[in-house]
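The residues making up each chain are set out below.
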Amino acid sequence: QVQLVESGGGLVHTGGSLRLSCAASGVTFNDYIVGWFRQAPGKEREFVARIAWSSGYTYYTDSVRGRFTISRDNAKNTVYLQMNSLKSEDTAVYYCAAGGMHSSSPESYYYWGQGTQVTVSS
């Protein structure tokens, strides 16, 4: 069975940092596109960042570019999202996902984690 498990969420003050992790079992990230999405209360799921596992190519949505960094650990089959300079608008449930296309659309991803809550207070 395939399982993606996010961790590292929490409550931080504006300007703080968090590091999210997504560990995979039952699937190896090699040759996958691995992305981070988020969903705030009352809003649709939003693309945040993605990485092409094999090449290391990364892409970020404009609102997080320069503040967030997506990275991978091949040996641990784990993807990370380092979040710095956090803002209140970053508050959301963050999900990791894996798919076969370099896309910002949730529909392009077929393995999903359960999500981890990130709350940024003013």
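This one's a predicted model, so the numbers in the text were calculated from it and none came from an experiment.

Draft legend 1. Region of the structure containing the packing of aromatic side chains. Applying the stated criterion across every chain yields a total of 9 aromatic pairs. Here the aromatic rings of Phe37 and Trp112 are separated by 5.0 Å at their centres, their planes lie at 50 degrees, and the arrangement is tilted. Here the residue Phe37 occupies a position in strand S4 (residues 33-39), and Trp112 occupies one in strand S10 (residues 109-112), the gap between them amounting to 75 residues. You can call Phe37 buried: its relative accessible area is 0%. Taking the centre distance of 6.4 Å and the plane angle of 65 degrees together, the rings of Tyr109 and Trp112 count as edge-to-face. Classification of Tyr109 by relative accessible area gives buried; the value is 4%. Overall, Trp112 belongs to the partly exposed group, its relative accessible area being 27%. Among the aromatic residues, those joined into a cluster by ring pairs are Phe37, Phe47, Tyr59, Tyr109 and Trp112. Geometry around Trp112 places Arg45 over its ring, the cationic atom sitting 4.9 Å from the centre.

Draft legend 2. The arrangement of the sheet that holds strand S8 (residues 78-83) in detail. The antiparallel open sheet is built from 4 strands, whose spatial order is S1-S3-S8-S7. The strands lining the two open edges of the sheet, one partner per strand, are strand S1 (3-7) and strand S7 (68-73). Sheet twist, expressed as the average angle between the axes of neighbouring strands with direction ignored, equals 15 degrees. One ladder, built from 6 bridges, connects strand S3 (residues 18-25) with S8; its direction is antiparallel. Considered in S8, the bridge of Cys22 is made with Val79.

Draft legend 3. Quick peek at the state of the cysteines. Per the stated rule, a full pass over the model turns up 1 disulfide. Note that Cys22 is cross-linked by a disulfide to Cys96, the S-S spacing being 1.9 Å. Since a negative S-S torsion denotes a left-handed disulfide, the Cys22-Cys96 link at about 55 degrees is right-handed. A residue pair is termed long-range when its members are at least 10 positions apart, and Cys22 in strand S3 and Cys96 in strand S9 (residues 92-99) qualify at 74 residues. For the pair Cys22 and Cys96, one class covers both residues: buried.

Draft legend 4. Molecular detail of the environment of Tyr111. Relative to the elements of secondary structure, Tyr111 occurs in strand S10. Every residue in contact with Tyr111, bar those within four places of it in the chain, is listed here: Val2, Leu4, Val27, Tyr32, Cys96, Ala97 and Ala98.

Draft legend 5. Layout of the pairing of S8. When you tally the buried positions in S8, you get 5 out of 6 residues, the bulk of the element. Pairing analysis gives 6 bridges linking S7 to S8, with the strands arranged antiparallel. Paired with Asp73 across the bridge in S8 is Thr78.

Draft legend 6. Molecular detail of the pattern of salt bridges. Scanning the model with the defined rule gives 4 salt bridges in all. A salt bridge links Arg38 to Asp90; the nearest nitrogen and oxygen atoms lie 2.9 Å apart. Residue Arg38 is found in strand S4, and its partner Asp90 is found in the loop between S8 and S9; the two are separated by 52 residues along the sequence. Comparing Arg38 with Asp90, the two get one shared label, buried. Across the pair Asp62 and Arg65 runs a salt bridge, and its minimum N-O distance is 2.5 Å.

About the thresholds
Per chain, the residues get numbers from 1 upward, laid out in the order the sequence is written. Totals for whole chains, interfaces and linings use every residue, but because this is a predicted model, local features are given only for residues with pLDDT of at least 70 and side-chain atom pairs only at 80 or more, for both listing and counting. The basis for every side-chain value is the complete set of heavy atoms in the structure, and neither hydrogens nor water enter the calculation. Side-chain rings of Phe, Tyr and Trp, where Trp is taken by its six-membered ring, are said to pair if the distance between their centres is within 6.5 Å; with planes under 30 degrees apart they count as stacked, over 60 as edge-to-face, and otherwise as tilted. Numbering of helices and strands runs from the N terminus, with a helix taken as a DSSP run of H or I at least four residues long and a strand as a DSSP run of E at least two residues long. Note on classification: 1.4 Å probe, protein chains only; a residue is buried when its accessible area is under 20% of the maximum for its type, exposed when over 50%, partly exposed between these limits. Think of it as a cone above the ring: NZ of Lys or CZ of Arg counts as a charge over the ring if it is within 6 Å of the ring centre and within 35 degrees of the ring normal. Each pair of strands is called paired provided DSSP finds at least two bridges between the two strands. Axes here mean lines fitted to C-alpha atoms, for a helix over just the part in contact, with angles spanning 0 to 180 degrees between N-to-C directions. The disulfide definition used here is simple: a pair of cysteine sulfur atoms within 2.5 Å. The contact rule is simple, with two residues in contact once any of their heavy atoms fall within 4.5 Å. Put simply, a salt bridge is a Lys or Arg side-chain nitrogen that is within 4 Å of an Asp or Glu carboxyl oxygen.

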